[in-house]
Amino acid sequence: MLDRVGLRFEDIISCVQGNACVEGGLRLPDGLTEDEMVQEWDLLMSHNSASKKASLMGGGAYMHFVPAVVPHLAGQPGFVTAYTPYQPELSQGTLQSLFEYQSFIVELTDMELSNCSMYDGASSTAEAMLMAHRIKHAPRILAADNVNPAYLATVRTYIEPHGIAIETVATDESGQVSQADLERLLSAAPCSAVLVQSPNYFGIIEDLSALGNLVHAHDALFVECFTEAMALGLLKYGLGTGADVVVGDAQSLGLPMSFGGPHLGVFATLRKFNREFPGRIVGESVDTEGRQAYVMTLRAREQDIRREKATSNICSNHALNAITAAVYLASVGQAGFRSLACENAAKLQKLVRGLEGTGRFSRVFKSGAVFNEMALASSLTPDELRARLAAVPVIPPLLLPSGMVPVIAGMPYSYLVCATELLKDALLEQVIAALS
Amino acid sequence: MTLYDKSVAGRCAFSFSFEEDDARGESFVPDYARASVKSLPEVSELDLVRHFTNLARVNYGVDTGFYPLGSCTMKYNPKINERLAADPRLTMRHPLDDVSENQGVLQMEYELKESLEEITGMDDFTLQPACGAHGELTGMLIIHAYMRDHDPRRTRVLIPDSAHGTNPASASMAGFQVVTVPSDERGGVDMEALDRLMDDTVAAIMLTNPNTVGLFDENITRIAELVHARGGLLYYDGANLNALMGLIRPGDLGFDVVHLNLHKTFSTPHGGGGPGAAPVGVKQFLAEYLPVPIVVRRDGQYALDSDRPRSIGRMSAFYGNTTVLARAFVYIRMMGRDGLAAASRAAVINANYVKKLLAPYYPPAYDRPVMHETVLSAKGYDKYGVSLLDIAKRLMDYGYHPPTIYFPHFPPHAEEVMMIEPTESESRETLDAFCDALIQISKEAQEQPDLLLSAPHNTVVTRVNETYAARHLVTSQRDKKETG
C-alpha cells in the first residue's frame, strides 16, 4: 500500500526518533486463537463461585429478572457499534431510542427534563451537587448521613477541589432523616443543595414532601436520589415531592449487576435548569421535508463547544444502557412495572417476617416504611450466615459496618437484607429453613 | 413513530409469574405510594421487537460500514468479545459479595491492569473510570491532590489549543484554571510559548500525542524535561494511543498520569455514546492517590484494597465498567504482543494511504507524514458555494459515515477541516472506494453543487434542523403532549 503512495513506514515513524522507543517488543504473551481464548476464559470464570438464583444483597446493585427481548434488542449491532449520534441523519435509531428513554424517565421520576444518561447513580448524584453549586453559589451542601456511603464518597471526591463543604444530616431513631437536624443545619448558613436518598441506605422510605418543604424555605435545591429504580413504580418522587433534581441508578431496569458496572445514571430536573444540567439530551425536530426527526440539542452547555466553561466534562455517557432501560420498560409495560414494584415490596415483607420468626433476626428500625431492602440485626456472624446459606442458591445479605446503625441487644451484627421478584416463595422458604 | 404512537391499551410483552398482588405491595407504603403508573407504552412483544429492530437498522455502525470518525478510533468490535462479556458467570456477580466468590473476575481485572501497565509503561492503574472524560477527571483530581500536598501554589493547567474539549472541561472540573498553549507552525506545542507559560503556578500540562491533527510531537522529550524541571507534571490523554502500541510508551516519554479509552484503542464497542471504560495509569509516586478500591494480589488471592489514606476517594459506586474491561482483556489476550504492534502499524499505514490519495483534492493541514489519522481541508470548495458540511452529508449518500468535521479548531489556516481516522481494521479495497467517493464528490461540488447542498438523499431523514430543536424544546413525550 505504501508503495502506491511512495512512502516507507520507517520514514513515517521517524518522527518518534530521539525519544525513548520500545526495544524488542512489549513483554506480553503471544496472541490466542478464538478457541484458545474460550478455554482460557472458561478457566478464569471457573474461579468464581456458581451463579445464584436470587440475591439477598443489594446496597446499590440489584438482581432482577431480565426478559429475553431486552439484551436481544439492545444488543443489535446498529446500536452497539455506532458512535455518539453527531450525524443525526445516520443516527435516528440511537436518537429516537434515547428520546423514548428520556420520556420514560420524565414520567417515572415525575420531572420535566431527563438527560440521556450519566455513568452511574453515584456520579450522577455528584454532578447534581455541582449543578446546584453553579446555580446557588453557596459553597456548602448538606447530605443525609444515611445516603449510600459509596455515593457520599463520590460526592466528596467531586466537590473537594471546588472548596464546597459538605455537612451530614443525622438520622433519627425512626431511621429517617432528622427534620430537626436538617432545620438546624439549614438555618446555620446558606447552602446550595440538600441531598436525600429514599429509600435510604437502611431501606427506610423518607418523607420527601416534608423534607422538600424545609429545603425550599431556605432557598437550596432539593436533590432526591432513588436507591433502586424498581421503586419508581411504587413510590413518589419529583414534582409531587418538591424535587429540583432526581438522580439515581437504573441498573435494575434490564441491566445485569456485572460486578458493579456498567450501570446507568439517571439525571432528571426542571425545565428552568435547561442551561445548567450536565450531559447530553435528545430533542425532537424536523428534517428539510418536514418529517419528524431527532437530534442532540441544548449543545451549547457541552465541553466540545464550551471547553473549560462547560456545565460538565461528560462526553460519552451510558447511552446503550439507556436504550436497554427503554427496551426493558417498554417490555414490562406500565402494569408490569407497577406489579414488579409491588412484588418487590411484598417479597421483602415476607422474607423479613420469616427471618424474624427464626428468632435470630430483628428489625433495626421498627416503624419505618420500606421497599425491597432493610437493615436487620442478627445474632448470626457473617461466617455463620454464609455457611448456613451455602446450600441455598442465593447471594447472602450485606454486612453493615459496626456502628453504622443502632445495636439491638443480643444481636451484634447488622445486615442489609434485600428481596426482589426473583426470590420465589420456594426459594424464600429454603432461605428461612437454612437460617432456622 | 414512537412507541407511544404504537401503544394500545391492555397490550403487554411481559410474561412473569407474580406471587403477590399489587394491593398487598401497596399496603406496605400507604403514605408514600405514587398513583399507578400510567405513562409507559403498552405494546406486544412482536411490536416491541419490530420497533427496536427497525430503529437499529436505520442506525449506522461499524458493522454497517466504514466509520472514519477522527479521534474516535471506530475499529472493528470482535464478536468473541461480546460473547464472553455476556457470560452470566461474569454478569451475575454482585460487586459487594465476598471477594472469595469473585476470584475469577478479580483475576481478569488484575491481569488487564498488568497488561495496560506494560503497554503504557506506567506503574499502577485504576480501572474505575467509566469513559475518557471520567478518566481525565480522575487523573486531574490525582494531580490536584498531589499538588495540594506538595505545592499548593500550582493551580493552573496548560492545555494545547489542539486538545479535545474534554481536556479543559476536566481540568476545570478538577479545580484548575486552564491556560491555552498555542501550537507552532509544524502543528506541535509551541516551545517558546511553553517556556514562557511554564512557571511555578502550573501543576501540569495535558497532552494528546499523537495530537488531534495526527502528528507525533517530536519535542515530547524536551517538553517533558522542561515541565518536570519546573515542578510540573505531565498528563497523557490516551485517545490516540492506537498509533503507538509496541512502538513507544507514554510512561517512557515521561508522562506521570495516563488515561486510556478502551472503547477506542482496545476495540470495545461505543454503543452510540457509551458505556466505555477509561483506566488511569500513574507512576509509583502517585499510586497512593488512585481512587479506591484497587484490585491487588496477596498470597495468590485477589482482593480489593481500600486502605489508601491519600486516595482521592471514589469516582463511582463500584469498581468500573467490568463487562467493558472484559472485552478489552479478551482483545489484548487474542492480539498478543505482536498483534497489538501490528494493529498500530496498520492504523498508521492506512491513515497515510488515505492522506496521499486525497491530498490533491483536499489538502492536508500539514505536509508531512501523519500517524493514525489525518486532517484534510475542504476550504477550496467555498468558491462553488459548497461547505465541508455539504461534503460530509453527501458522503452519506455513498454509504459512508463522514469523518469528524470542523475539528480541531486550529490552526487558522486550515478552516473547514475534516479528521479522517481509518483504523487498522479496514482493507485497502475499502479505503480505495472511500477515497473514490470523496474524489467523486469533489467533482460534483464543481459540476452539480446542488447535489451536495441538498444531501443526504438516501438516508431515513434528510438534514435535521438543529435550531428548530433548540427553539421548540421537546425532549420527552410529556413535552410533546403539553405543546400539543
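Just so you know, these numbers come straight off a predicted model, no measurement behind them. (Residues numbered from 1 in each chain as written. Chains lettered and ligands numbered in written order. Predicted model: local features only at pLDDT ≥ 70, side-chain atom pairs only at ≥ 80, totals over all residues. Heavy atoms only, no water.)

A.B. asks: I keep staring at the environment of Leu95 of chain A and nothing clicks. Help me out?
C.D. replies: Residue and element names in this part refer to chain A. By the element assignment, Leu95 lies in helix α5 (residues 92-109). Accessibility expressed as a relative area gives 0% for Leu95, which makes it buried. Here the alpha-carbon distance between Leu95 and Gly283, two residues 188 residues apart in the chain, equals 8.5 Å. Here Leu95 is in contact with Pro85, Pro88, Val282, Tyr294, Val295 and Met296, once residues within four sequence places are set aside. (Helix = DSSP H or I, 4+ residues; strand = E, 2+ residues; numbered from the N terminus. Buried < 20%, exposed > 50% of the residue type's maximum accessible area, 1.4 Å probe, protein only. Contact = heavy atoms within 4.5 Å.)

A.B. asks: Where do I start with the interface of chain B and chain A in this structure?
C.D. replies: A common way to report how large an interface is uses the accessible area buried once the components associate. Each partner contributes to the interface: chain B provides 189 residues, whereas chain A provides 178 residues. Counting the surface lost from both chain B and chain A, the interface buries some 16,200 Å², and carbon and sulfur atoms represent 61% of this. Seen at the junction of chain B and chain A, the total is 18 salt bridges. Lys350 of chain A serves as the salt-bridge partner of Glu20 of chain B, at 2.7 Å between the closest nitrogen and oxygen. (Buried area = accessible area lost by both parts, 1.4 Å probe. Salt bridge = Lys/Arg side-chain N within 4 Å of Asp/Glu carboxyl O.)

A.B. asks: Would you explain helix α13 (residues 425-435) of chain A in this entry?
C.D. replies: Because each turn of an α-helix spans 3.6 residues, side chains separated by three or four positions in sequence point in the same direction. Residues and elements named next belong to chain A. Along α13, the residues classified as buried are Leu427, Leu428, Val431, Ile432, Ala434 and Leu435. Each buried residue of α13 sits inside an arc of 165° when the element is viewed along its axis, so together they form one side. What points out from α13, more than 90 degrees from its buried face, is the exposed set Ala426, Glu429 and Ala433. Considering only its buried residues, α13 is in contact with β1 (54-55), α11 (319-357), β11 (361-363), α12 (382-388) and β13 (394-395). (Arc of directions from axis to C-beta.)

A.B. asks: Whenever I open this one, the packing of α5 of chain A against α11 of chain A confuses me. Can you help?
C.D. replies: Helix packing for two helices is described by the angle between their axes and how far apart those axes are. All names here are of chain A. Relative orientation of the contacting elements α5 and α11 amounts to 50°, with a least axis distance of 9 Å. In terms of orientation, α5 and α11 fall into the oblique class. Our pair here, α5 against α11, has a crossing hand that is left-handed. Seen from α5, the contacting residues are Thr94, Ser97, Leu98, Tyr101, Phe104 and Leu108; seen from α11, they are Ala319, Ala322, Ile323, Ala325, Ala326, Leu329, Ala330 and Phe337. Here the residues of the contact of α5 with α11 sort into twelve nonpolar, two polar and no charged. (Axes fitted to C-alpha atoms, helices over the stretch in contact; angles between N-to-C directions. Parallel < 35°, antiparallel > 145°, perpendicular 65-115°, else oblique. Left-handed = near helix turned anticlockwise from the far one by under 90°. Nonpolar A, V, L, I, M, F, W, Y, C, P; charged D, E, K, R; others polar.)

A.B. asks: What am I meant to see in unusual backbone geometry here?
C.D. replies: Working note: non-glycine residues mostly have negative phi, and peptide bonds are mostly trans. Note that the residue after Gly261 of chain A, namely Pro262 of chain A, is joined by a cis bond; omega there is 0°. Turning to its location among the elements, Pro262 of chain A is positioned in the loop between β7 (245-249) and β8 (265-269). Cis peptide bonds are those with omega within 30 degrees of zero, and the linkage from Val292 of chain B to Pro293 of chain B qualifies with -5°. Note on placement: Pro293 of chain B falls in the loop between β7 (280-282) and β8 (294-298).

A.B. asks: Can you help me understand the sheet that holds strand β6 (residues 257-260) of chain B in this one?
C.D. replies: Two modes of strand pairing occur in sheets, parallel and antiparallel, and in both the strands are linked by backbone hydrogen bonds. Residue and element names in this part refer to chain B. Read from one edge to the other, the open sheet built from seven strands follows the order β1-β7-β6-β5-β4-β2-β3, with strand pairing classed as mixed. Looking at which strands have only one partner, the edges of the open sheet turn out to be β1 (124-126) and β3 (177-181). Between one strand axis and the next, the sheet turns through 25° on average, direction left out of account. In the sheet, strand β2 (residues 156-160) pairs with β3 via five bridges, with the strands oriented parallel. In the sheet register, Pro160 faces β3, and the bridge partner there is Val181. (Pairing = 2+ DSSP bridges.)

A.B. asks: Got a minute to help me understand the sheet that holds strand β12 (residues 373-378) of chain A in this structure?
C.D. replies: Residue and element names in this part refer to chain A. With antiparallel pairing, four strands are arranged side by side in an open sheet as β11-β12-β15-β14. With one partner strand each, in any of the chains shown, β11 and β14 (398-399) form the two edges of the open sheet. Bridge count for β12 against strand β15 (residues 413-418) is six bridges, and the pairing is antiparallel. Among the inter-strand pairings, Glu373 is bridged to a residue of β15, identified as Cys418. Across the sheet, α11 is in contact with β11, β12 and β15; its angle to β11 comes to roughly 130°.

A.B. asks: Please explain the packing of aromatic side chains as it appears in this structure.
C.D. replies: If you walk through the whole model with that rule in mind, you get 24 aromatic pairs over all chains. For the pair Phe65 of chain A and Phe16 of chain B, a centre-to-centre distance of 5.4 Å together with 55° between the ring planes defines the contact as tilted. One end of the pair, Phe65 of chain A, is in the loop between β1 and α3 (69-74); the other, Phe16 of chain B, is in the loop between α1 (3-6) and α2 (22-27), on a second chain. On the basis of relative accessible area, Phe16 of chain B is assigned to the buried category, the value being 17%. Taking the centre distance of 5.8 Å and the plane angle of 35° together, the rings of Phe202 of chain A and Phe365 of chain A count as tilted. Of this pair, Phe202 of chain A sits in the loop between β5 (193-198) and α9 (208-217) while Phe365 of chain A sits in the loop between β11 and β12, and the two are 163 residues apart along the sequence. Of the residues examined, Phe365 of chain A reaches a relative accessible area of 4% and is grouped as buried. Ring pairing ties together the aromatic residues Phe65 of chain A together with Phe14, Phe16 and Phe18 of chain B, which thus form one cluster. In this structure, Arg345 of chain B is placed above the aromatic ring of Phe9 of chain A, and the distance from its NZ or CZ to the ring centre is 4.2 Å. (Phe/Tyr/Trp six-rings, centres within 6.5 Å; stacked < 30°, edge-to-face > 60°. Lys NZ or Arg CZ within 6 Å of the ring centre and 35° of its normal.)

No statement about biological role is implied by the geometric values presented.
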